[in-house]
Amino acid sequence: MSTAMIKTAVEEMVNTFLDENGFELVDVEYVKEGSNWFLRVYVDKLEGHIDIDECGRISEYLSEKLDENDPISDAYFLEVSSPGAERPLKKPEDVHKSVGKHVFVTTYEPIGGLKEFEGTLLSFDGEEVVVEIGKKKHTISYAKVASARLAIIF
C-alpha cells in the first residue's frame, strides 16, 4: 500500500472518533527514518491544546483499529501527539482559523524577491493570503504556498 493510501486509511479510521470526542486531525505522516518506519498522527483539540492523556486515549483507539484493519505491512512505530506551538496550517480551514495570528509562510517561487514570509496573517479569501511584515503587506497566491505554520514571536 502506498504512503498516500496509508495516510487516507488512517484518516478514515480515526476521524469519526476524533469528531465525536472534540478533537481535530491536523496531519498524518508515514515516514522512514533510518531503518524504522513511523506512523505519526498529529491531533489537536477544537477548544484548546490537547494533553498527553488525550493523546494516549487516541493512540489506544487507533492502535486497536490498525490491528483490526492492518493496512500497513511493514513494522512501524505509532506516535500520536500535539502539532505543537508552531502548528502546520495544512488545510484552507486551518489558514482561515489563523487570521490575526503570527505565521511563517514559504512559497514555491519568489514573490517580490522573497520566498519566506513571517508576520501577521491579515486575511485569507481562499485564493490569496495576505501577510503583514512590519508595515508592509504581502499578497500571496494560495496556489504558490509551499508551507504555512503558526510561528512563535521571541
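The structure presented is a predicted model; accordingly, all values stated were derived computationally and were not measured.

(A) Just the overall build of the protein chain, in detail. When helices and strands are counted, the protein chain shows three helices and eight strands. Taken from the N to the C terminus, the helices and strands of the protein chain come in the order α-β-β-α-β-α-β-β-β-β-β. Within the span of the protein chain, comprising 154 residues, buried residues form 37% of the whole. The contacts of the protein chain with a sequence gap of at least 6 include a subset with a gap of at least 24, amounting to 52%. When the accessible surface of the protein chain is summed, it comes to about 9000 Å², and 49% of that surface belongs to carbon and sulfur atoms.

(B) Representation of the packing of aromatic side chains. For the structure on display, the rule yields five aromatic pairs. Between the aromatic rings of Phe17 and Tyr61, the centroid separation amounts to 4.1 Å while the plane-to-plane angle is 10 degrees, which identifies the pairing as stacked. Residue Phe17 is found in helix H1 (residues 3-20), and its partner Tyr61 is found in helix H2 (residues 52-69); the two are separated by 44 residues along the sequence. For Phe17, a relative accessible area of 13% gives the class buried. Judged by relative accessible area, Tyr61 falls into the partly exposed class, the value being 22%.

(C) Representation of the pattern of salt bridges in the model. Taken as a whole and assessed by the stated rule, the structure comprises twelve salt bridges. For the salt bridge of Asp27 with Lys90, the shortest nitrogen-to-oxygen distance reads 3.2 Å. Of this pair, Asp27 sits in strand S1 (residues 23-33) while Lys90 sits in the loop between strand S3 (76-81) and helix H3 (92-97), and the two are 63 residues apart along the sequence. Residue classification places Asp27 among the buried positions, given a relative accessible area of 8%.

Conventions used here
Residues numbered from 1 in each chain as written. Predicted model: local features only at pLDDT ≥ 70, side-chain atom pairs only at ≥ 80, totals over all residues. Heavy atoms only, no water. Helix = DSSP H or I, 4+ residues; strand = E, 2+ residues; numbered from the N terminus. Buried < 20%, exposed > 50% of the residue type's maximum accessible area, 1.4 Å probe, protein only. Contact = heavy atoms within 4.5 Å. Areas by Shrake-Rupley, 256 points an atom, 1.4 Å probe, with all protein chains shown as cover. Phe/Tyr/Trp six-rings, centres within 6.5 Å; stacked < 30°, edge-to-face > 60°. Salt bridge = Lys/Arg side-chain N within 4 Å of Asp/Glu carboxyl O.

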